Amino acid sequence: MPALANTVHRALPRIVEAIYDSVADVDRWQSTLDAIRRLALGQLAMLAVIDTVGNSARFSVSCGDPSMLEPLQRDYGSEVPFFTAVPKMDIDMPFTVDSIYALQGPDARQNWIESRIVREWVEPNRLDDFFWVALMKRPTRIGTLMVVTDKDRRQISAEDLELVSSLAPHVRRAVTIGDLFEAERRKAEIFRSVLETLDHPVMIVSADMQIIFANPAAEALLVENSAVCSVRGQLSFAYPQANASISCAVALGTRDEFALGPSGIDIPLAKVSVPAVAHIMPLARREISARMSQRAAAAIFIAAAGTAPIPALEAIGALFGLTAAEKRVAGHVAAGKTRKEIAAASGVSDGTVKSQLATIYDKTGTGDQRELELLIRELSPPLRSRNGA
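Definitions and limits used
- Residues numbered from 1 in each chain as written.
- Predicted model: local features only at pLDDT ≥ 70, side-chain atom pairs only at ≥ 80, totals over all residues.
- Heavy atoms only, no water.
- Helix = DSSP H or I, 4+ residues; strand = E, 2+ residues; numbered from the N terminus.
- Buried < 20%, exposed > 50% of the residue type's maximum accessible area, 1.4 Å probe, protein only.
- Axes fitted to C-alpha atoms, helices over the stretch in contact; angles between N-to-C directions.
- Parallel < 35°, antiparallel > 145°, perpendicular 65-115°, else oblique.
- Contact = heavy atoms within 4.5 Å.
- Pairing = 2+ DSSP bridges.

(A) Spatial organisation of unusual backbone geometry. One non-glycine residue, Met209, adopts positive backbone phi at about 70 degrees. If you trace the backbone, Met209 turns up in the loop between β5 (202–205) and β6 (211–214). Judged by relative accessible area, Met209 falls into the buried class, the value being 4%. Here the phi dihedral of Arg232 falls at roughly 50 degrees; this positive angle occurs in a residue that is not glycine. Tracing the backbone shows Arg232 in the loop between β7 (228–231) and β8 (234–237).

(B) Spotlight on the packing of helix α15 (residues 324–334) against helix α17 (residues 350–364). Two elements in contact, α15 and α17, have axes separated by 10 Å at closest approach and are oriented at 90 degrees. In terms of orientation, α15 lies roughly perpendicular with respect to α17. Where α15 approaches α17, its residues Ala325, Glu326, Val329, Ala330 and Val333 are matched on the opposing element by Gln356, Leu357, Thr359, Ile360 and Lys363.

(C) Quick look at the sheet that holds strand β4 (residues 141–150). What the four strands build is an open sheet, ordered β2-β1-β4-β3; its pairing is antiparallel. Each edge of the open sheet is held by one strand with a lone partner, namely β2 (56–64) and β3 (127–137). Going from strand to strand, the sheet's axes swing by 10 degrees on average, the running direction of each strand aside. As paired elements, strand β1 (residues 44–51) and β2 share eight bridges and run antiparallel to each other. Looking at β2, one finds that Ile50 is bridged to Ala57. Across the sheet, helix α2 (residues 29–39) touches β1, β2 and β4, and the angle it forms with β2 is around 55 degrees.

Structural data, given as structure tokens:
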């Protein structure tokens, strides 16, 4: 096991680099997804972003044995009953078949076992379980990553789930940013050309937040000077929490892409007339950064947050890079629960909750549950209205 652990440890940074390389070159997604599949000891892997309005795939890639994949895509794709569970799934949290059963209710397991897809496809191929991760849950978009395992694989362990969970935020960031310019990608082959045609503001910055490039939409945003501004060429955000979070994500991504984790995705830019969020894509190790500048450290994408207000819990998770488990604990704190009550509600020990809270306090700069609860309340007013605070 130590040898396997060392192999996994060495493979993770390479896979993370491949994930970000795939944003600029979608042809790389096939090999990147296959690397994730092999790391998780899976038979098949599928990554997709679905347009829920048109019920069509905006982006889709799969890998594995074609003799298994082709029947699934041709004959059984519409019969997979688990997609109704996606709205209930925590972002970045890998689910197994059993945990999906728990989300869908008491009849889910029996309905699946008796289904045609199990009888004609799952059982003949000796498939057994899966890692399934929700990457995107929006009114018009659903994004998921699934790795399917077979009966020859050992039972999925807590360590396996932690491994997939560590990769999930990186896949989510890449898919989220890729979705912003998927349509324009077909019209341009060079990264800079793609950025210039985007309706979304995009800025390339150095590690110290000096602006190297801004597309026309970003230039217009800088002229407006409400949410974002340039001070002697250095990018700054009006909302202090967002400014600190974005600067930290840029610096962290420059030093260690893998350590970036959930930081730098969906960061809310509060106190602006129209709600917006920022996504940070690390560039320091990308080939495309050399085409822009040797100093290019990150691309910052600004996107509309949608018509729905950003809940304070989602805001605090994005601003401070909380994992799905940490965000859930913060939610219990916001509800006024004691540490003992949080442990009971989460089905874990008091020691585990104590450790999680310590990490949350460190990330948010709070000292105890009361300070954390006050911070969550403080973040609510600016994000509640489309007209700002």
